[in-house]
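So the chains spell out like this:
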Amino acid sequence: MKNALLIGGTGFLGNAIARRLVCRPASADFRLTLPTRRRERAKHLAMLPTASVVEADVHDEATLARLMTGQDLVISLVGILKGNFQRTHVELPGKIARAAAQAGVPRLIHISALAAAADAPSNYLRSKAAGEAAMKAAYPEVTIFQPSVIFGQGDSFLTLFAGLLALAPVVPLACPGARFQPVWLEDVAAAVVASLDRPESKGQTYPLCGPREYTLRELVAYTGKLSGHLRPIIGLPLALSYLQAFMMEFVPGGPMTRDNVRSMQLPNVCPAGCTLPFGLSATPLEAIAPGYLAAG
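Residues numbered from 1 in each chain as written. Predicted model: local features only at pLDDT ≥ 70, side-chain atom pairs only at ≥ 80, totals over all residues. Heavy atoms only, no water.

*Asks:* In this structure, what is going on with the state of the cysteines? I would like to understand it.
*Replies:* Two cysteines whose sulfur atoms are joined by a covalent bond form what is called a disulfide. Considering all chains together, one arrives at 1 disulfide under this definition. Two residues share a disulfide in this structure: cysteine 209 and cysteine 270, whose sulfurs sit 2.0 Å from each other. Around the S-S axis, the bridge from cysteine 209 to cysteine 270 shows a dihedral of about 90 degrees and counts as right-handed. A residue pair is termed long-range when its members are at least 10 positions apart, and cysteine 209 in the loop between β11 (205-208) and β12 (214-215) and cysteine 270 in the loop between α10 (258-263) and α11 (285-293) qualify at 61 residues. On the basis of relative accessible area, cysteine 270 is assigned to the buried category, the value being 7%. (Disulfide = S-S within 2.5 Å. Helix = DSSP H or I, 4+ residues; strand = E, 2+ residues; numbered from the N terminus. Buried < 20%, exposed > 50% of the residue type's maximum accessible area, 1.4 Å probe, protein only.)

Next comes the structure, spelled out in structure tokens:
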């Protein structure tokens, strides 16, 4: 049995990857270590066979070095949509990659974001690109995945829209023409785990997308239809989109920031003909979303 360290493994995507790793054939399964700031929030993962949830500060380099000891695989999953991008998306990946290299970990995987680029319009996307660069500088054979927005049971995307639609009689929508190519949670997890059996994936970067593009207006309207909360959608021009986002920045847990608006100026879609690597087939949104959004 091999050892795997999932940093950020108690989150939405980490849950799915952890479950797949412990369900691999007995000859290829993993003993998992899942560090978290608060162990009680991840008790459900502790129930997985061969999984251990430990309290740890992964930003501390000495702690990272200790966690890396004896690991055969490290997966870096930490990401935020607002907050200190430099600390979370740039400094932490660099620390992880350096610790993995120093510990001689044979396999490192990093989850980034589609459209990450040094010249991107948002701090979020620029920080994701800088994190990739920090990873590659310390560990050139890192495998990087760049998923589009991820949907699935418990997501913070379509589920968020459903909650807003249930409350608002009318939806003033920022960036209604923003383009996305949503990818199913389980398809992302499948691609990550499949890469472990593909030595040629070392040092490669893979965008991950679903089979179809949508505008944000289309996604919100579809969510309203499924959830039984069809609402008029008023698309906001860019100036009002920024104003709406600015106001939401003062709301605790607000769903949007001005940096999010800047991110949406770039199409969040894969290159033509690209969906999933390793011969995997992308699952349509329409095959999954009704199962967790449909009105009861």
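Moving on from the coordinates now.
*Asks:* Would you take a moment to explain helix α4 (residues 85-103) for this structure?
*Replies:* Side chains that are three or four residues apart share a direction in an α-helix, a result of its 3.6 residues per turn. Taking 1.5 Å as the rise per residue, α4 with 19 residues should run 27 Å; its terminal C-alpha atoms sit 26 Å apart, in good agreement. At glutamate 91, α4 shows its largest bend, some 30 degrees, and a proline, proline 93, comes one to four positions later. Considered for burial, the residues of α4 that qualify are Phe85, Thr88, His89, Val90, Leu92, Pro93, Gly94, Lys95, Ile96, Ala97, Ala99 and Ala100. Elements that come into contact with the buried residues of α4 comprise β1 (2-7), α3 (61-68), β4 (73-76), β5 (108-111), α5 (123-138) and α10. (Expected span 1.5 Å × (residues − 1). Bend = angle between axes of the 7 residues up to and from the residue. Contact = heavy atoms within 4.5 Å.)

*Asks:* So what exactly am I meant to see when it comes to the sheet that holds strand β6 (residues 143-147) here?
*Replies:* Two modes of strand pairing occur in sheets, parallel and antiparallel, and in both the strands are linked by backbone hydrogen bonds. The parallel open sheet is built from 7 strands, whose spatial order is β3-β2-β1-β4-β5-β6-β11. Edge strands, defined here as strands with exactly one partner in the open sheet, are β3 (51-55) and β11. Each adjacent strand pair in this sheet contributes to an overall mean axis angle of 20 degrees, direction not counted. Looking at chain direction, β4 and β5 are connected through 3 bridges and run parallel. Bridge pairing links valine 74 to leucine 108 in β5. In the packing of α3 onto the sheet, the strands contacted are β1, β2 (30-36), β3 and β4, and the crossing angle to β1 comes to about 155 degrees. Against the sheet, helix α7 (residues 185-194) makes contact with β4, β5, β6 and β11, and its axis sits at roughly 170 degrees relative to β6, the strand it touches most. (Pairing = 2+ DSSP bridges. Axes fitted to C-alpha atoms, helices over the stretch in contact; angles between N-to-C directions.)

*Asks:* Got a minute to help me understand the pairing of β2 in this structure?
*Replies:* As a general feature of sheets, a regular strand has side chains that alternate between the two faces. For β2, the tally of buried residues reaches 6 of 7 residues, placing the bulk of the element in the interior. Inspection of the sheet shows β1 paired to β2 by 4 bridges, in the parallel sense. Across the sheet, alanine 4 pairs through a bridge with leucine 32, a residue of β2. Two elements, β2 and β3, share 5 bridges in a ladder whose sense is parallel. Opposite leucine 32, over in β3, you have alanine 51 as the bridge partner.

*Asks:* Even after reading the chapter, I still don't get α5, so can you show me in this structure?
*Replies:* Over its 16 residues, α5 extends 22 Å from the first C-alpha to the last, a length consistent with the 22 Å expected when each residue adds 1.5 Å. Contacts from the buried residues of α5 go to β4, α4, β5, β6 and α10.

*Asks:* Explain the pairing of β4 to me, please; I cannot follow it from the model alone.
*Replies:* The side-chain alternation of β4 yields two buried faces, one formed by Leu73 and Ile75 and the other by Val74 and Ser76. Across 4 bridges, β1 lies against β4 in parallel orientation. Within β4, the position partnered with alanine 4 by the bridge is leucine 73. Tracing the backbone out of β4, into α4 and back to the parallel element β5 gives a crossover that is right-handed. (Right-handed = clockwise from strand over helix to strand, strands pointing away.)

*Asks:* How should I be thinking about the side chain of asparagine 15 in this particular structure?
*Replies:* Relative to the elements of secondary structure, asparagine 15 occurs in helix α1 (residues 12-22). Its relative accessible area of 14% is what places asparagine 15 among the buried residues. Residues within four places of asparagine 15 in sequence aside, it is in contact with Gly9, Thr10, His44 and Leu45.

*Asks:* Looking at this structure, how should I read a positive patch on the surface?
*Replies:* A surface patch of like charges, here positive, comprises Arg37, Arg38, Arg41 and Arg87. Position of arginine 37 relative to the elements: it lies in the loop between β2 and α2 (43-46). Residue arginine 37 is classed as exposed on the basis of its relative accessible area, which comes to 73%. (Patch = residues over 30% accessible without salt bridge, like charges linked within 9 Å, V, L, I, M, F, W, Y side chains within 5 Å. Areas by Shrake-Rupley, 256 points an atom, 1.4 Å probe, with all protein chains shown as cover. Salt bridge = Lys/Arg side-chain N within 4 Å of Asp/Glu carboxyl O. Lys, Arg positive; Asp, Glu negative; His and termini not counted. Charge placed at Lys NZ, Arg CZ, Asp CG, Glu CD.)

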